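# Results of the structural survey
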Amino acid sequence: MKLKDFLKDNLLLILLTFLIGGSGFYFLVLHPKFRITHAPELLKAVVVVKTNKLDYATNERLLVTPADDPVLQAVVIAKQHGDSEPTYFSISKHLKIDGKMVPEERIQPWDTFKWKEVRILWFKIEPVIKPGKSSQPFSYQNIEYKSQFQYNWPLQWTHTLDVNGFANTYPRQNFGFMRYRIRAEIKASIVNVVQKCYSPGPDEVSPDNIISSKVFGIQYAPSKTPFGYAVSLFNLAFAPRIDLSTYPEGKDPVSERIAVDSIAYFTEAMRMAGYGEIIQGDAPSLKKAIRIIMESVHLDKKKGYYVDGKGKPVETSRLKKGMFIMDGKRIGMYAGEGSFAVGKLHVLTPDDRVLYAPGLPLYYEEFGSYFEGPFSIGEVR
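Attention here is on the structure that accompanies the text. What you see is a predicted model, and the numbers here were worked out from it, not measured in a lab.

### Things to note about the overall build of the protein
- Helix and strand counts for the protein come out as seven helices and 23 strands.
- Here the contacts in the protein between residues at least 6 apart in sequence split such that 60% fall between residues at least 24 apart.

### Some words on the sheet that holds strand E19 (residues 324-326)
- The strand order E18-E17-E23-E19-E20-E21-E22 describes an open sheet built from seven strands, whose pairing is antiparallel. Sheet topology places strand E18 (305-307) and strand E22 (363-366) at the edges, where each strand pairs with a single neighbour. For this sheet, the mean inter-axis angle between neighbouring strands, taken without regard to orientation, is 40 degrees.
- In this sheet, strand E23 (residues 375-380) lies alongside strand E17 (residues 290-300) in antiparallel orientation, the contact comprising five bridges. The residue of E23 that forms the bridge with Ile290 is Val380.
- Sheet strands touched by helix H4 (residues 264-272): E19, strand E20 (331-336), strand E21 (353-356) and E23. Its angle to E20, the strand with the most contacts, is close to 70 degrees.

### Description of the pairing of E22
- Relative to E22, E21 is paired through four bridges, and the arrangement is antiparallel. Following the sheet pairing, Leu355 is matched in E22 by Tyr364.

### Quick look at the nonpolar core
- Core analysis: the biggest nonpolar cluster contains 76 residues, and Trp110, Ile120, Tyr180, Leu286, Phe324 and Leu355 have the highest contact counts within it.
- For this core, the leading source of residues is strand E12 (residues 176-187), giving six residues.
- Those residues in contact with Leu355 that lie beyond four places of it in its chain are Phe227, Ala230, Val231, Phe234, Phe266, Gly332, Met333, Ala335, Leu362, Tyr363 and Tyr364.
- Ranked by size, the runner-up nonpolar core spans 16 residues in total, among them Tyr306, Leu348, Phe371 and Ile377.

What counts and what doesn't
- Each chain carries its own residue numbering, running from 1 in the direction its sequence is written.
- Confidence filtering applies because this is a predicted model: local features only for residues at pLDDT of at least 70, side-chain atom pairs given and counted only at 80 or more, and all residues used for totals across whole chains, interfaces and linings.
- The basis for the side-chain values is all heavy atoms of the structure; hydrogens and waters are excluded.
- Counting from the N terminus, the helices are DSSP H or I runs at least four residues long and the strands are E runs at least two residues long.
- Residue contacts are defined here by distance: any two heavy atoms, one from each residue, within 4.5 Å place the two residues in contact.
- At least two DSSP bridges between two strands are needed for those strands to be called paired.
- Lines fitted to C-alpha atoms define the axes, with helix axes restricted to the stretch in contact, and inter-axis angles between N-to-C directions lie between 0 and 180 degrees.
- Throughout this description, the term nonpolar core refers to a set of buried Ala, Val, Leu, Ile, Met, Phe, Trp, Tyr and Cys residues connected via side-chain atoms within 4.5 Å.
- Only protein chains enter the calculation, and the probe is 1.4 Å; a residue is then buried if its accessible area is under 20% of its type maximum, exposed if over 50%, and partly exposed in between.

Spelled out as structure tokens, the structure:
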């Protein structure tokens, strides 16, 4: 009788105790297991980019600039339990994958309360010439596609675009062409990976050793100008000389964004700027498109700056970034003033910068190291 009275008098307390205890058991014991066992089946991953000029994220190969605010994003394609069609898990509400818009009803964010969180591991992929092959005639078979895990990137779904190279110590800066791969994984513990999937990576190559266009790549330029286009070719494998005339149109290693030589940096930049008459890798056709504005420029060693054929100082106010610098055997682009102390003179000096490939990848070199004179300065017609 006493027990019955106790239960009657404390019914609400007892129910509340069971409710709290049951909820605690579910969330502490059952829910963590359900988050793993009920998670969608991971099928494949896709790298996309989102810019402020597009209302969708896409895996198309784009050329972007800082004005586009480009952001890399991960997309994980997975099948939810009971669904016949896969779901595209993404932070973007609109996706264009492989040239087609994904139906909006098939896109949703990953529910980290319902399912175990997905970790995204990011990798960069960069082509290089294999050791000992740089002095040989260029061949796709001499290319190696290096992959590097970005250990300092958080394992998250998005990253601001970073194209800094890793395979070559020279050059490195946040412009150029870069490919990416991601691995999406669900872990039950620190070491126990229960599900994983990848986006296409460096193993996706043709019999000719040409990396697949399915591997996500993006070109990052400081500006949409010939100068910016030349800089956007950083991080390609550098070969001293490539006979680009032996390749079909659009199938050469520069167009494939795999390898480049010294002159092709500039011919490709001009072709990207709309100068279709310029032949890929052909210096004479490039020079035909350039209008000379100064001739016989040379270094006056006593004065410490460059003068024109009449002995007048070459004022930097007359120069624009991207103007061509040409002597009998070299071609470069004016890249701006060098040290601030010297730059205050407002005349061209050996400390100023020229975009040039001196048997090495294109980079900002000192004028005085390669161009003493006489040389010409020109701009595109």
